[in-house]
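These are the residues of each chain, in order.
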Amino acid sequence: ICVAAFAAACGPTSARTGGGGDDGPDIDAGDGGGGGGGSGFDAAGCSKMDLLFVIDNSGSMSQEQQNLIANFPMFISVLDASGLDYRVAVTTTARDYTYSMFGGFQQSTDGESGEMIQPSSCNMTKRWIDKTDPNPSQSFACVANVGTSGSSDEMPLGAIRDAFEDRMTDGTNMGFRRSDALLGVVVLTDEEDCSYEQSVSFGFTEMLCENKMEPVANYKAFLDSYAGGPSRWATAIIAGMGPGTCSSTFGNASEAARLIEFKNQVGPNAVMSSICDGDLSPALMQALDLFHSACDAIIL
């Protein structure tokens with residue numbers, strides 16, 4: 001019922017691109033790796049979504065990852081019913097990073113740094129999953145099982161910028177982004193964001209994830225520019241909403257104050273759900289509702 005109702009209410013209309021006619025030819029800029037600047041269309045609404053899942057791969061995230069994987073077939077079935085042309089990629093909250101402590105002592109974290117992962121065991125032909133692939137849900141179940149050996153210094157905001165800046169510049173994620181698609185980002189974490197930009201040196205009483213984080217506004221400004229404007233991207237955050245620490249059958253989650261601030265700065269194109277709600281299906285449906293509404297509102 002949910003799938004049918006969502007499709008009937010939010011399916012693509014004749015005003016969207018991709019149908020030819022008076023709206024001009026269907027142009028797919030997916031083979032370029034650049035930002036999502038205007039594609040020359042003047043029609044309202046889009047027919048494509050490029051979705052990046054940023055999944056916490058620290059030691060406390062095993063059950064949450066399995067919950068996400070279990071609910072993803074529902075997520076894909078609703079996307080399929082909508083008629084939208086989607087692609088989905090996965091990266092983690094872990095980044096390669098070196099910082100200096102008091103006295104010159106060096107510390108490092110390591111991780112994917114925004115690399116859209118393509119495990120050999122998942123038999124993926126590229127770094128993302130397309131709607132036309134044989135079994136998107138099965139592929140996602142494989143690639144989203146990112147494990148729990150990642151850094152405990154979660155940096156989802158930094159990982160997002162890495163994915164669309166450094167990993168585009170070096171060619172790793174080239175080809176994922178289509179300029180006529182809505183850019184959607186889903187973040188799943190049970191910790192606070194502590195994204196830094198190099199280089200950082202800490203004083204005697206300073207610690208990673210407590211001092212000198214990059215201002216949240218910088219990440220919003222980057223995505224506004226990269227996507228071609230604030231209306232051309234949206235984000236759904238599933239994290240600890242506080243106050244303080246919340247608990248569920250999956251364990252505890254810290255209040256993600258910086259992600260709450262990020263959601264508030266993004267405004268109408270952002271939603272946030274508590275990871276302590278347990279069942280992630282309502283959060284994923286809320287994300288889809290947001291992405292579809294944002295897609296409908298785009299002027300291409």
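1. Quick notes on the pairing of strand β1 (residues 48-55)
Thought 1: In terms of residue burial, β1 counts as a mostly covered element, since eight of its eight residues are buried.
Thought 2: Neither face of β1 is left uncovered, since the one carrying K48, D50, L52 and V54 and the one carrying M49, L51, F53 and I55 both have all their residues buried.
Thought 3: For β1 and strand β2 (residues 85-92), the ladder comprises eight bridges, and the chain directions are parallel. Directly across from L52, in β2, lies its bridge partner A89.
Thought 4: In this region the chain leaves β1, passes through helix α2 (residues 62-82) and returns to the parallel neighbour β2; the handedness of that crossover is right-handed.
Thought 5: As defined by bridge partners, β1 adjoins strand β6 (residues 182-188) across seven bridges and the pair is classed as parallel. Counted as the bridge partner of L51 is G184 from β6.

2. Here we look at unusual backbone geometry
Thought 1: Here the residue pair G242 and P243 is connected by a cis peptide bond, since its omega of 0° sits within 30 degrees of zero.
Thought 2: Structurally, P243 can be placed in the loop between β7 (233-239) and β8 (246-248).
Thought 3: Residue N123 is not a glycine yet carries a positive backbone phi of 55°.
Thought 4: One can find N123 in the loop between β4 (106-109) and β5 (129-130).

3. Some thoughts on the pattern of salt bridges
Thought 1: Under the counting rule described, the total for this entry stands at 14 salt bridges.
Thought 2: For R167, the salt bridge is made with D170, and the minimal N-O distance between the two is 2.8 Å.
Thought 3: For R167, a relative accessible area of 16% puts it in the buried group.
Thought 4: Measuring nitrogen to oxygen at the nearest pair gives 3.4 Å for the salt bridge that ties E206 to K212.

4. A word on the side chain of T92
Thought 1: Secondary-structure assignment places T92 in strand β2.
Thought 2: When its relative accessible area of 1% is taken as the criterion, T92 is described as buried.
Thought 3: In this structure the side chain of T92 is engaged in a polar contact, spanning 3.2 Å, whose partner is the backbone nitrogen of A94.
Thought 4: Engagement of the side chain of T92 in a polar contact is seen with the side chain of E112, the distance being 2.5 Å.
Thought 5: Once you skip the residues sitting within four places of it in the chain, T92 turns out to touch V54, I55, N57, E112, V146 and A159.

What counts and what doesn't
Residues numbered from 1 in each chain as written. Predicted model: local features only at pLDDT ≥ 70, side-chain atom pairs only at ≥ 80, totals over all residues. Heavy atoms only, no water. Buried < 20%, exposed > 50% of the residue type's maximum accessible area, 1.4 Å probe, protein only. Helix = DSSP H or I, 4+ residues; strand = E, 2+ residues; numbered from the N terminus. Pairing = 2+ DSSP bridges. Right-handed = clockwise from strand over helix to strand, strands pointing away. Salt bridge = Lys/Arg side-chain N within 4 Å of Asp/Glu carboxyl O. Polar contact = N/O pair within 3.5 Å; in protein donor to acceptor, adjacent residues only side chain to side chain. Contact = heavy atoms within 4.5 Å.

Just distances and angles here, no functional claims.
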